[in-house]
Every structure is written in structure tokens, then in C-alpha cells.
Amino acid sequence: YDSRDLTTHAVCVGMTGSGKTGLGISIIEEAAMDGVPVIAIDPKGDLGNLMLTFPELDAASFRAWIDPGAAERKGMTPDAFAASQAEVWRNGLAEWGQGPERIARLRATADFAVYTPGSSAGRGLTPIRSMDPPAKGTDPESARDRLVSLASGLCTLLGVDADPIQSREHILLASVIGDAWARGVGLDLAGLIGLVQNPPLAKIGVLDVDAFMAPKDRGALAMRLNNLLASPGFAGWLDGEPMDIGRLLHTPEGKPRVSVLSIAHLGDQERMFFVTLVLGELIAWMRRQPGTGSLRAMLYMDEVFGYFPPTANPPSKTPLLTLMKQARAYGVGCVLATQNPVDLDYKGLSNAGTWLIGRLQTERDKARLMDGLDAVGGGGDRGALDRMISGLGKREFWLHSVHGGGPTHFKTRWAMSYLRGPMTLAEISRLANDKAIKEETKDGAPLTHPAVVEAAASTTSLAPAVPAGVSVVFAPVSATVRVGDRLVYRPALLGEASLHHVRAGVGLDLWRDARVVAPIGVDADARSPWDAARVVWGEALELDDAPDGRGSFEPLHADATNEKSYAGWAKSLKDWLYRTQAIEIHQCRALKLIGEPGELLGAFRVRVRQAAHERRDEEVEELRAKYAKKIETLEKRVERAERAVERERGQAEQARLSSAVSIGQTILGVLLGRKKISSTNAGRAGTAARSVGRASQQARDVDRAEAVLAEAREEVRLLADEANREIEALRRRWDPESLEIETVSVSPRKSEMRVGEVRVVWLPVRISGDGRAEPAYRIR
């Protein structure tokens with residue numbers, strides 16, 4: 001089964017005990033082995049088993065994860081039961097030609113992580129800590145879909161109507177968030193509460209805001225949001241990594257990741273809220289990718305019951321429909337599994353090209369499934385299909401694929417992961433501790449400096465004076481300042497320059513405009529500030545000519561009040577930019593692929609892997625097409641040989657019967673006639689002898705025909721083996737891990753560098769009542 005066939009999506013159905021989870025885990029394992037990242041939504045808690053891969057296959061590895069109750073039921077000690085499980089797994093894998101080295105390769109190829117939103121048991125994942133606006137260049141449809149998913153998820157979490165057309169709450173939330181995004185402003189939940197109470201909009205549609213929703217009703221909605229924020233149980237939703245599909249699919253180094261999103265511990269509303277937001281973010285990420293015919297990423301959902309029903313329209317259904325209809329063009333494959341066939345919208349699943357059908361018990365389930373197959377053109381003979389499904393055993397499935405061939409019966413291979421059953425939060429926490437999870441720092445975090453974590457010792461209401469020839473600008477306040485907070489401006493230097501990078505060998509000829517921000521707080525070393533600087537490219541840092549009236553100002557370092565300091569800082573800035581701002585260009589000669597200026601190595605590795613998969617799939621397709629004609633010719637020869645064998649066998653059988661009749665007549669003539677052999681009996685004996693000769697000749701003809709058939713079949717087998725060897729060679733040739741990546745460092749031309757004046761920029765910081773400080777400005 002080609003990985004790219006999954007771009008047309010798959011549906012897996014089977015009752016409890018059919019082996020559906022084992023099949024799903026095996027599919028995920030094979031995707032990871034092929035370098036395809038996976039987001040796996042896990043409502044039941046089974047997919048955490050993907051973390052339980054033990055290359056040593058020893059009893060000690062299994063001992064920590066066996067079920068003591070299962071050991072007791074079998075009358076075994078935990079140690080003995082662990083040893084028996086290790087033996088079962090060793091033998092099971094060996095039967096399928098899988099050894100410890102394949103498990104080790106799985107672990108080396110992909111990173112595995114379990115996220116537990118709303119809980120600290122696994123890796124934290126928060127979809128609403130920061131509702132950042134879409135990245136520049138995002139198409140309007142993607143931004144709109146993401147906005148609708150976010151508003152729908154919030155409404156679901158609040159227990160209010162999430163209909164995007166009819167719900168006033170949904171429309172209000174989408175309107176105020178969309179307005180903030182249009183202004184390039186990100187929001188947190190606290191900021192959203194303020195905007196709900198006092199929307200910065202005059203109208204919603206053609207109605208005044210107050211006419212659309214009265215202040216009293218907006219206050220009630222704001223109160224519900226505030227209660228949610230203040231709830232102790234909600235604190236877990238605000239901790240952890242921000243929702244970033246790119247990080248869920250790849251590590252910063254570019255390694256493919258299998259991200260298990262475990263939601264078994266959540267309530268129904270929380271699950272719907274989270275799943276809706278994940279799907280919305282996935283669609284937004286997907287639409288930023290270039291088109292491809294190869295599998296770029298996979299979404300696996302272990303139980304789709306309730307998320308894709310045939311009649312109701314929960315918030316999750318619209319994004320799932322969008323994925324089923326549009327994801328193929330971007331190389332994103334969806335695999336949806338369920339044990340409840342009656343709860344699937346089969347019209348919505350008409351885009352699924354692969355159906356994996358396991359054992360079903362009830363006639364209602366089988367009838368509903370056959371209705372679904374009829375919808376995708378795979379129904380056929382209902383009676384035969386019913387008998388096929390009813391006759392399936394555990395771990396046995398029927399495959400229906402639009403990519404060729406009729407229904408195929410198969411048995412799932414042994415999973416490399418230890419399938420020990422659903423995992424509790426406590427067990428997931430053990431997994432997290434065993435893996436020693438390290439938090440990753442997201443590139444592009446707000447600029448900070450050491451003083452940012454402490455409250456200012458002293459401030460003034462007016463900005464300190466700077467030398468007469470020095471310009472002053474202010475970063476606008478983009479965060480919500482709550483009651484009890486203080487807004488404090490901290491000083492920094494702002495240098496601006498244009499840099500020219502040129503290298504013909506990698507096709508680089510690029511001018512870049514840089515803004516360099518260097519803190520100059522009271523305790524900072526103002527004589528060499530650029531060593532602590534951050535470069536902001538283009539106009540990613542917004543600037544104003546005036547401060548926010550609510551802010552106070554920290555003092556300037558003494559050197560910043562001396563006009564001569566700025567000329568020295570401008571000169572040292574040029575030296576610093578030349579030394580530190582080289583562009584690294586990555587290239588893969590085998591693929592003729594050159595990285596973008598400033599592209600991180602991890603991101604380039606992701607592109608190399610995708611390009612290698614596309615090249616492999618294209619060449620495999622060409623190779624198969626070449627061999628298909630040869631194999632078709634040989635198969636026609638096999639068909640002719642089979643017909644010849646059947647013909648010769650028929651003639652041989654007829655000759656044998658004729659010979660038997662002739663011999664029988666001769667014997668009867670002798671037994672029933674005169675004692676002397678008459679001329680008639682003699683003639684019959686001659687005819688019988690000739691019949692025996694013809695039968696013998698026909699038998700030899702059968703042997704020759706069967707030899708020709710065996711030779712033709714052997715030629716087909718040899719040709720297929722030859723094709724498979726060439727395909728395997730192509731897979732090795734385009735293995736992303738074997739492709740060399742070179743890195744070229746290109747410094748800016750110092751002679752062409754243009755450095756402007758160095759100015760003072762005041763950066764707003766929000767300081768809470770407990771003294772915690774965080775930036776209140778935004779860098780896009």
C-alpha cells in the first residue's frame with residue numbers, strides 16, 4: 001500500500017476486539033518509518049502505547065508497563081508475566097520478519113510525544129493562551145476558517161450555541177477577535193474579556209453593537225469567560241506549549257514527530273472544544289503549504305464517534321469536512337477510525353479512497369456500512385460483502401481501495417509498540433518523566449532582557465530627556481493592562497541598517513532592512529549594548545511617535561544622555577552586524593534544492609524530506625509503468641498457458657476415458673464371447689491399445705503444457721522480483737537521511753552596508769501586582 005494513497009484518506013471500522021487499534025498503531029508506525037509526521041487524536045487513551053517500544057525486547061523493559069491485575073488473573077508473578085509478554089512480543093514480531101533493529105530504527109527515525117491538554121501529566125498544550133493573528137501572507141479563507149474554529153471552540157467550552165450563523169455569542173466573539181487580528185494584535189483570554197465588554201466596533205453587520213447584543217448580555221458573556229479563566233480546573237489549559245501545528249509535526253531540528261493528543265481525561269465539551277481548535281489550526285497550516293501528490297502529514301483520529309455524525313452539526317464537523325474535501329491537494333491524509341458505523345456521515349466520507357473493514361457484530365452496523373460503501377462506489381454484491389464481514393476473525397480486515405484491485409483480505413502485522421491497553425494520566429506522567437521532556441523555545445519570542453523579570457526600582461511620569469540630536473520612538477502597547485497592573489516603559493537603543501548579501505553559487509543576491517534593538521536598562525552595559533541585541537527584520541516591530549498615557553518611565557543610563565555615545569554606537573553597530581548577521585544558505589545538491597535566506601536548518605530538512613518523497617514516488621511510478629507493460633505481456637502468456645493446460649487436461653481426460661471404454665469392451669468380449677478370440681475381439685484389442693497410446697501421448701502433452709505454464713509463472717515472478725529490487729534501490733537512493741545537506745555562510749558586504757541613526761526606543765512592560773513583568777508590545 002503506497003503512502004501517497006493515504007492522501008485520499010481512509011476510514012477504519014470494526015467492533016471492540018476486532019484489532020482496529022492495533023491496525024491504527026501499525027499504520028502510524030509505518031508512517032513514522034517513512035518519515036511522515038502524524039497528529040493522532042486519542043479520545044480513548046490507547047495511542048500512548050506508541051511510546052512503549054523496546055528494542056531490547058527484554059523482560060525488564062516490559063516489567064514497568066504490565067498490568068498487575070492481568071498477571072494475577074493468570075496466576076503469575078509480575079516478573080514472570082513480564083517475561084511471558086516479552087516472549088510473546090519477540091515471537092510475534094519474528095513471525096512478521098521484524099526484529100529489534102526495526103524497533104530501534106523506528107525510534108531513531110521519528111520523535112514521539114504525548115500531549116495532555118488541560119493536564120500537566122504529559123506535555124502541556126494550550127490553544128488559547130495566545131490567540132495570535134494569522135501569519136503575513138495567509139489567504140483570507142484560511143484565516144476565516146481558523147477564526148470560525150476558534151469562536152466555535154470557545155462557545156462549546158462555555159456551553160453556548162456554537163452555530164456560526166445563528167449564535168450571537170459566536171458572531172460577537174468572531175467579530176472582536178477578527179478585528180484584533182486585522183490590526184495585527186494578538187489576544188489572550190483576559191484581553192478577549194475586555195473586548196467582549198467594550199467591543200472596538202461601531203457595528204456588527206448593519207446593526208449597532210448595542211442593538212446586536214445589549215451591554216447586559218455582553219456582560220453576561222464576559223462573566224462566563226471570566227468564570228472560565230478564574231476556575232482552578234481551567235488553569236491547566238493556560239500552561240504548556242502554544243498550539244503550533246508545525247511543532248506538532250516536526251522537532252526544531254526537522255525530525256518528523258508523532259504527536260499523540262490524549263483527551264480521554266477531558267469532559268465532552270472540553271474534547272469538542274479542543275478537537276475543533278486542532279482541526280482549525282491544521283487547516284490553516286495546511287493551506288500555507290505548497291501542493292504535492294505525496295503524503296506530507298497524517299491526521300489519525302482513533303474514535304470519530306460524535307465528531308462526524310450523519311445529521312447533527314457539531315463544531316468539529318465543518319473542519320473535518322473541509323479536510324476530507326481539500327487536504328489531498330496539500331498531501332495531508334486523514335485516517336478516521338470508529339467502532340460505531342451508524343454514527344458516520346457517509347456522504348461526507350465519500351472522498352475517502354480507502355476503507356478498512358473489520359469484524360462487525362450487529363446487522364444494523366453492517367447495513368449502515370454497506371450504505372456507506374454504496375456512497376463511494378464500493379458496495380457491490382451486498383450478500384457477498386455481508387458474508388465477508390461476518391467471517392472475519394480478530395486482526396482480520398477487508399481492504400477496499402480506489403487505487404486498484406478488488407476487495408483484499410488481510411491480517412494485520414504484529415505491532416512494534418507494546419499494546420498494553422489504555423493509559424491513565426499517571427502512566428502518561430511516568431512516560432513524560434522517563435523521556436525527560438525539555439521545553440522548546442519558540443523562535444521569535446518577544447524581546448526581553450534581564451531586568452524584564454523584575455519591577456522597576458523607580459519611575460517617572462515623563463520620559464527622561466535625551467540629547468537634542470537623538471530621535472525617540474515608542475513601541476505601541478499591544479497587551480491588555482488589567483486593573484492592578486502597572487505599565488512601565490523601559491529604554492532600548494534602536495539601530496537601523498540595510499545589508500547586502502551576495503553569493504552566485506547559491507543564487508543569493510539579497511538586500512535586507514534590519515532594526516536592531518538593544519536594551520540599555522540601569523544595570524545594562526551601555527558601552528557595548530549590541531552584544532545583547534535582537535535583530536528585527538523589515539517592519540516587524542511597530543513604532544509610534546507618542547507613548548501610551550498610562551505608562552511611566554524608567555531612567556536612562558548616563559551614557560544614553562551623552563550625544564557622543566550615539567556616534568560610537570552607530571560605528572560599533574556596523575561591525576557587530578558584519579560579524580553576527582551572516583545568512584546561512586542550506587542546499588541539497590542531489591535534489592537541486594536551495595534553502596531560503598534565513599531558513600532554519602530544521603525547516604530545510606523538512607523540505608528536503610518532502611522533496612525526496614516526491615522524487616521517490618515519481619520515479620517509482622515511472623518504474624512501475626515500465627514494468628507493467630512487460631508484466632502484462634507475461635501475464636497474457638500465463639493466461640494462454642493456463643488455457644492450454646486446461647485444454648490438454650480435457651483432451652487427456654477424454655483420451656483416458658476412451659481408452660478405458662475400449663479396454664473394457666475388449667475384456668467383456670473375451671469374457672462373454674467364444675473361448676477363441678474372434679476377429680472382432682482382436683480389432684477391439686488393437687483399438688484399445690491405440691487408445692492407451694493416445695492417452696499416454698495426451699498425458700505427455702499435459703506435462704509439457706504445465707511446464708510451459710510453470711516457466712511463464714516463473715518469468716512473472718522473476719520480473720516482479722527485479723522490479724521490487726529496483727523500487728527498493730530507489731527508496732534507498734531517496735532516503736532523506738542519506739542525502740547530504742551543505743550549509744554556506746554569506747556575510748553582508750561591509751562596504752555596501754548602510755547604517756542609519758541610532759535612536760532611543762521605549763518598550764512597554766506590563767507589571768502585575770505581584771511584581772511579575774512581561775513585555776506589552778508585539779514583534780510580528
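Criteria and cut-off values
Residues numbered from 1 in each chain as written. Predicted model: local features only at pLDDT ≥ 70, side-chain atom pairs only at ≥ 80, totals over all residues. Heavy atoms only, no water. Pairing = 2+ DSSP bridges. Helix = DSSP H or I, 4+ residues; strand = E, 2+ residues; numbered from the N terminus. Buried < 20%, exposed > 50% of the residue type's maximum accessible area, 1.4 Å probe, protein only. Contact = heavy atoms within 4.5 Å. pLDDT = per-residue confidence, 0-100. Phe/Tyr/Trp six-rings, centres within 6.5 Å; stacked < 30°, edge-to-face > 60°. Lys NZ or Arg CZ within 6 Å of the ring centre and 35° of its normal. Axes fitted to C-alpha atoms, helices over the stretch in contact; angles between N-to-C directions. Parallel < 35°, antiparallel > 145°, perpendicular 65-115°, else oblique. Nonpolar A, V, L, I, M, F, W, Y, C, P; charged D, E, K, R; others polar. Core = buried A, V, L, I, M, F, W, Y, C linked by side-chain atoms within 4.5 Å. Polar contact = N/O pair within 3.5 Å; in protein donor to acceptor, adjacent residues only side chain to side chain. Salt bridge = Lys/Arg side-chain N within 4 Å of Asp/Glu carboxyl O. Right-handed = clockwise from strand over helix to strand, strands pointing away.

Another aspect to go through is the sheet that holds strand β20 (residues 593-594). One open sheet holds the 3 strands; their spatial order is β20-β19-β21, and the pairing between them is antiparallel. The sheet is open, and its two borders are formed by β20 and β21 (742-746), each paired with just one other strand. Here strand β19 (residues 583-588) pairs with β21 via 5 bridges, running antiparallel. For Ile-583, the partnering residue across the bridge sits in β21 and is Val-746.

With that settled, the discussion passes to the environment of Ser-175. Here Ser-175 is to be found in helix α7 (residues 168-182). We classify Ser-175 as partly exposed; its relative accessible area is 22%. The spacing of Ser-175 and Val-196 is 21 residues in sequence and 9.7 Å in space, taken between C-alpha atoms. Those residues within four positions of Ser-175 in sequence are excluded, and the remaining contacts are Leu-201 and Ile-204.

Moving on: the confidence of the model for the protein. Across the protein, the average pLDDT comes to 85, with 88% of residues at or above 70. Low confidence marks residues 436-456, where pLDDT is under 50. Its contacts with residues over four positions away, or in another chain, come to 45 contacts. Every residue in residues 522-526 scores below 50 in pLDDT, and together they form 7 contacts with partners more than four places removed in sequence or on other chains.

Overall, the coordinates contain 14 aromatic pairs when judged by the stated rule. Centre to centre, the rings of Phe-54 and Phe-62 are 4.9 Å apart; their planes meet at 70 degrees, and the pair counts as edge-to-face. The pair Phe-54 / Phe-62 is uniform in exposure class, with both members buried. Measuring from ring centre to ring centre gives 4.8 Å for Phe-62 and Tyr-418, while their planes differ by 70 degrees; the resulting arrangement is edge-to-face. Here Tyr-418 lies in the loop between β13 (408-411) and α16 (425-435) and Phe-62 lies in helix α2 (residues 59-63), a separation of 356 residues in the sequence. Looking at Tyr-418, the relative accessible area reads 3%, which means it is buried. Linked through ring pairs, Phe-54, Phe-62, Trp-89, Trp-414 and Tyr-418 together constitute an aromatic cluster. In this structure, Arg-430 is placed above the aromatic ring of Trp-65, and the distance from its NZ or CZ to the ring centre is 4.1 Å.

Turning to the packing of α7 against helix α10 (residues 215-230), a few remarks are in order. One can describe the packing of α7 onto α10 by two numbers: an axis separation of 12 Å at closest approach and a directional angle of 75 degrees. If you check the angle between α7 and α10, you find them roughly perpendicular. Residues Arg-168, Glu-169, Leu-172 and Leu-173 of α7 pack against Asp-217, Arg-218, Leu-221 and Leu-225 of α10. Broken down by class, the residue content of the contact of α7 with α10 amounts to 4 nonpolar, no polar and 4 charged.

If you look at the biggest cluster of nonpolar residues, it comprises 87 residues, and the most contacted ones within it are Leu-154, Ile-177 and Leu-192. Beyond its immediate stretch of four places on either side in the chain, Leu-192 contacts Met-131, Leu-154, Leu-173, Val-176, Ile-177, Leu-187 and Leu-225. Of all hydrophobic cores here, the second largest spans 51 residues; its members include Val-36, Ala-82, Ile-103 and Leu-295.

Glancing now at the side chain of Arg-123. In this structure, Arg-123 sits in the loop between β3 (111-115) and β4 (125-126). A relative accessible area of 7% places Arg-123 in the buried class. Engagement of the side chain of Arg-123 in a polar contact is seen with the side chain of Glu-241, the distance being 2.6 Å.

We now examine the pattern of salt bridges. Under the counting rule described, the total for this entry stands at 41 salt bridges. A salt bridge links Lys-44 to Asp-46, with the nearest nitrogen and oxygen atoms 4.0 Å apart. On the basis of relative accessibility, which here comes to 28%, the residue Lys-44 falls in the partly exposed class. Assessed through its relative accessible area of 11%, Asp-46 is described here as buried. Glu-632 is paired through a salt bridge with Lys-636; the nearest N and O atoms lie 3.9 Å apart. Placement of the pair is Glu-632 and Lys-636 together in helix α18 (residues 601-672), with a separation of 4 residues, close to one helical turn. Residue class for Lys-636 comes out partly exposed when judged on its relative accessible area of 44%. Salt bridges sharing common partners tie together Glu-29, Glu-30, Arg-102 and Arg-413.

This part covers helix α13 (residues 317-326). Inspection of α13 places Lys-317, Pro-319, Leu-320, Thr-322, Leu-323 and Met-324 among the buried residues, and these make up the whole buried set. For α13, the elements touching its buried residues are α6 (140-158), α12 (268-286), β9 (297-301) and β10 (332-338).

To continue, consider unusual backbone geometry. Of note, the phi angle at Leu-57 is positive, near 50 degrees, even though the residue is not glycine. On the secondary structure map, Leu-57 appears in the loop between β2 (38-42) and α2. The residue Lys-592 is not glycine, and still its phi comes out positive at about 55 degrees. For Lys-592, the location among the structural elements is in the loop between β19 and β20. Accessibility expressed as a relative area gives 77% for Lys-592, which makes it exposed.

Take Glu-141: it is sitting in helix α6. The sequence separation of Glu-141 and Ala-284 amounts to 143 residues, and the corresponding C-alpha distance is 8.7 Å. Aside from chain neighbours lying at most four places away, what touches Glu-141 is Arg-287 and Gln-326.

Take the pairing of β10 next. β10 sits mainly inside the fold: 7 of its 7 residues count as buried. Side chains Val-332, Cys-334, Leu-336 and Thr-338 of β10 all project onto a buried face; the interleaved residues Gly-333, Val-335 and Ala-337 project onto the opposite face, where all are buried too. For β9 and β10, the ladder comprises 5 bridges, and the chain directions are parallel. If you follow Met-298 over to β10, its bridge partner there is Gly-333. With respect to chirality, the unit in which β9 leads through α13 into the neighbouring parallel β10 is right-handed.

Another aspect to go through is the environment of Ala-71. Here Ala-71 lies in helix α3 (residues 68-73). On a C-alpha basis, the gap between Ala-71 and Ala-82 in space is 8.3 Å, while along the polypeptide they are 11 residues apart. Residues within four places of Ala-71 in sequence aside, it is in contact with Met-76, Thr-77, Pro-78 and Phe-81.

Once that is clear, we can look at the sheet that holds strand β11 (residues 354-357). The strand order across the open sheet built from 9 strands is β3-β8-β2-β9-β10-β1-β11-β12-β13, with neighbouring strands paired in mixed fashion. Across the chains shown, the open sheet's two edge strands, defined by having one partner strand only, are β3 and β13. When strand polarity is set aside, the average angle formed by the axes of neighbouring strands in this sheet is 15 degrees. Bridging between strand β12 (residues 396-401) and β13 involves 4 bridges; their strand directions are antiparallel. Considered in β13, the bridge of Trp-398 is made with His-409.

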